[in-house]
Amino acid sequence: MATSKKTAGREVVSLDSLAQQKLDALPEPVTFELKGVEITLPPIKSLPFELQERVGNLDDIPAVLKDVLGADKVQEMYTAGFTFLHVELLAQEWEKRSGAQPGESPASADS
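Everything numeric here is computed off the predicted structure, so don't read it as measured data.

Describing the overall build of the chain
Move 1: Along the chain, the regular secondary structure elements total 5 helices and 4 strands.
Move 2: Along the chain, helices (α) and strands (β) appear in the sequence β-β-α-β-β-α-α-α-α when read from the amino end.
Move 3: Looking at the 111 residues of the chain, the share that counts as buried comes to 29%.
Move 4: Put simply, 43% of the contacts in the chain that link residues at least 6 apart link residues at least 24 apart.
Move 5: Carbon and sulfur atoms form 53% of the exposed surface of the chain, whose accessible area is close to 7400 Å².

What follows is the structure, encoded as structure tokens:
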């Protein structure tokens, strides 16, 4: 749980234990299959903050996918003929299975 201590007139609350409990409670990574390509994605809330922020960047979807999945997996998606519709569906299902509410995550396809 959160612990606090007073240091020189100020209280410092440690959230380390509580944060770890919340991370431990997240769903397991999910593997999706689309057009013969398997794509394994972790819960959105488990992504590092900087990466999570970029997940919602719809201006450069290929770069975001490369950040999350790696360049080889994105090339496999290109080769399989993925369209924007496929990527949008993947994002929606990822959000749903990550335990996030619609619109709560930067990865929301509707945001």
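Moving on from the model shown.
Some thoughts on unusual backbone geometry
Move 1: Of note, Lys 35 is a non-glycine position whose phi angle comes to about 55°, a positive value.
Move 2: You can see Lys 35 is positioned in the loop between strand S3 (30–34) and strand S4 (37–41).

Comments concerning the confidence of the model for the chain
Move 1: Taken residue by residue, the chain gives an average pLDDT of 83. The fraction at 70 or more is 84%.
Move 2: Note on residues 105–111: pLDDT is under 50 here. Beyond four places in sequence and across chains, it has 20 contacts.

What about helix H3 (residues 61–69)?
Move 1: Those residues of H3 lying buried are Ile 61, Val 64, Leu 65, Val 68 and Leu 69. Looking straight down H3, one finds its buried side chains confined to an arc of 110°; they lie on one side.
Move 2: Looking at the buried side of H3, the elements it contacts are S4, helix H2 (49–55), helix H4 (71–80) and helix H5 (84–97).
Move 3: Looking one or two residues beyond H3, the residue adopting positive phi is Gly 70, at roughly 100°.

Describing the side chain of His 86
Move 1: Within the secondary structure, His 86 is located in helix H5.
Move 2: We classify His 86 as buried; its relative accessible area is 16%.
Move 3: With residues near it in sequence (within four places) discarded, His 86 still touches Leu 34, Lys 35 and Gly 81.

Reading the values: rules and limits
Residues numbered from 1 in each chain as written. Predicted model: local features only at pLDDT ≥ 70, side-chain atom pairs only at ≥ 80, totals over all residues. Heavy atoms only, no water. Helix = DSSP H or I, 4+ residues; strand = E, 2+ residues; numbered from the N terminus. Buried < 20%, exposed > 50% of the residue type's maximum accessible area, 1.4 Å probe, protein only. Contact = heavy atoms within 4.5 Å. Areas by Shrake-Rupley, 256 points an atom, 1.4 Å probe, with all protein chains shown as cover. pLDDT = per-residue confidence, 0-100. Arc of directions from axis to C-beta.

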